[in-house]
Amino acid sequence: MTDDAYLFLADTIPGSDLPGTPVSLTGELECLQTPAVQAWLDAHETDASSPALCIVPPEQTGMIPDGVERLPVPLTEEELERVRRAGATDPVAVVEEELLSYRDSEEGRDALLHKALAAGVPAHRIVELSGVDPTALPTAPRV
C-alpha cells in the first residue's frame, strides 16, 4: 500500500476549477467496498457512482480546500497509477501511457524520453513509468 489518497465530494466546493478526479474515471477501487468508505458515503447520502465523488493522490491532498470533509483511503500501487493517469492533463496522460507501454520495447526510446520531458512529465515519473535508468534520461528536452 502507499500513502493515503483522499476521497471528497466536489459538490461541497464552490467554483469550477476543482481539484481531484471523479472516481468514476478511475475504474474500480478496492477501498470503495470497505465498511469505512461505505459508512462515509452513507453519512453524506451518496454512493460510489456519484459524479461528485472525487479522489486525489497523496501528493495532491494539499489542493483540497480547507474545511472540506475528506476521507483518507489506501490504494494499491496499480490503483494509484490509475488515479494519477485519470487526473493527468491530456498531453501528460498520453505520454504516460506511452511510457508504460515502453517497458516492453526499446524502439524509439530516445524520442519518447525527449517527448515525455517536453510534455512536462517529471523525470522521476519517466523513470517510474518506463523503467529506464535515470542516467539514461536526456538532460534537456528537444525543441
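Residues numbered from 1 in each chain as written. Predicted model: local features only at pLDDT ≥ 70, side-chain atom pairs only at ≥ 80, totals over all residues. Heavy atoms only, no water.

Draft legend 1. Spotlight on the overall build of the chain. Per the secondary structure count, the chain includes five helices and four strands. Starting at the N terminus, the α and β elements of the chain follow one another as β-β-α-β-β-α-α-α-α. Carbon and sulfur atoms provide 52% of the accessible area of the chain, an area that totals close to 8100 Å². (Helix = DSSP H or I, 4+ residues; strand = E, 2+ residues; numbered from the N terminus. Areas by Shrake-Rupley, 256 points an atom, 1.4 Å probe, with all protein chains shown as cover.)

Draft legend 2. Inspection of unusual backbone geometry at higher detail. With a phi close to 50 degrees, Glu45 is a non-glycine residue in the positive phi region. Positionally, Glu45 belongs in the loop between α1 (35–43) and β3 (53–56).

Draft legend 3. Region of the structure containing the pairing of strand β1 (residues 5–9). Burial within β1 is extensive, with four of its five residues counted as buried. When β1 meets strand β4 (residues 70–73), the two strands line up antiparallel, connected through four bridges. Residue Leu7 lies in a different strand from β4, and its bridge partner there is Leu71. Bridging between β1 and β3 involves four bridges; their strand directions are antiparallel. Of the residues in β3, the one forming a bridge with Leu9 is Leu53. (Buried < 20%, exposed > 50% of the residue type's maximum accessible area, 1.4 Å probe, protein only. Pairing = 2+ DSSP bridges.)

Draft legend 4. Up close: the side chain of Glu79. With respect to the helices, strands and loops of the structure, Glu79 is situated in helix α2 (residues 77–87). Only 2.6 Å separates the side chain of Glu79 from the backbone nitrogen of Glu30, close enough to count as a polar contact. Excluding anything up to four places from it in sequence, Glu79 contacts Glu28, Leu29, Glu30 and Pro74. (Polar contact = N/O pair within 3.5 Å; in protein donor to acceptor, adjacent residues only side chain to side chain. Contact = heavy atoms within 4.5 Å.)

Draft legend 5. Spotlight on the confidence of the model for the chain. When pLDDT is averaged along the chain, the result is 82; 83% of the residues meet or exceed 70. Summarising per-element confidence for the chain, the mean pLDDT is lowest in helix α3 (residues 90–102) (69) and highest in α1 (95). (pLDDT = per-residue confidence, 0-100.)

Draft legend 6. Summary view of the pattern of salt bridges. Summed over the entire model, instances satisfying the criterion amount to six salt bridges. A salt bridge links Glu59 to Arg84, with the nearest nitrogen and oxygen atoms 2.8 Å apart. One end of the pair, Glu59, is in the loop between β3 and β4; the other, Arg84, is in helix α2, and 25 residues separate them in sequence. Residue classification places Glu59 among the partly exposed residues on the basis of a relative accessible area of 49%. Two residues, Arg84 and Glu128, come together in a salt bridge whose shortest N-O distance is 3.8 Å. Of this pair, Arg84 sits in helix α2 while Glu128 sits in helix α5 (residues 123–130), placing them 44 residues apart in sequence. Bridged by salt links that share partners, the residues Glu59, Glu81, Arg84, Arg125 and Glu128 form one connected network. (Salt bridge = Lys/Arg side-chain N within 4 Å of Asp/Glu carboxyl O.)

Draft legend 7. A look at the nonpolar core. Among the nonpolar cores identified, the biggest contains 17 residues, and Leu7, Leu29, Leu32, Leu53, Ile55, Val73 and Leu75 are the most heavily contacted of them. Within the residue set of this core, elements represented by two or more residues are β1, α1, β3, β4 and α2. In this structure Leu29 touches Val23, Ile55, Leu75, Glu79, Arg82 and Val83, once residues within four positions along its chain are discounted. Among the nonpolar cores identified, the runner-up in size contains eleven residues, and Leu113, Ile126, Leu129 and Val132 belong to it. (Core = buried A, V, L, I, M, F, W, Y, C linked by side-chain atoms within 4.5 Å.)

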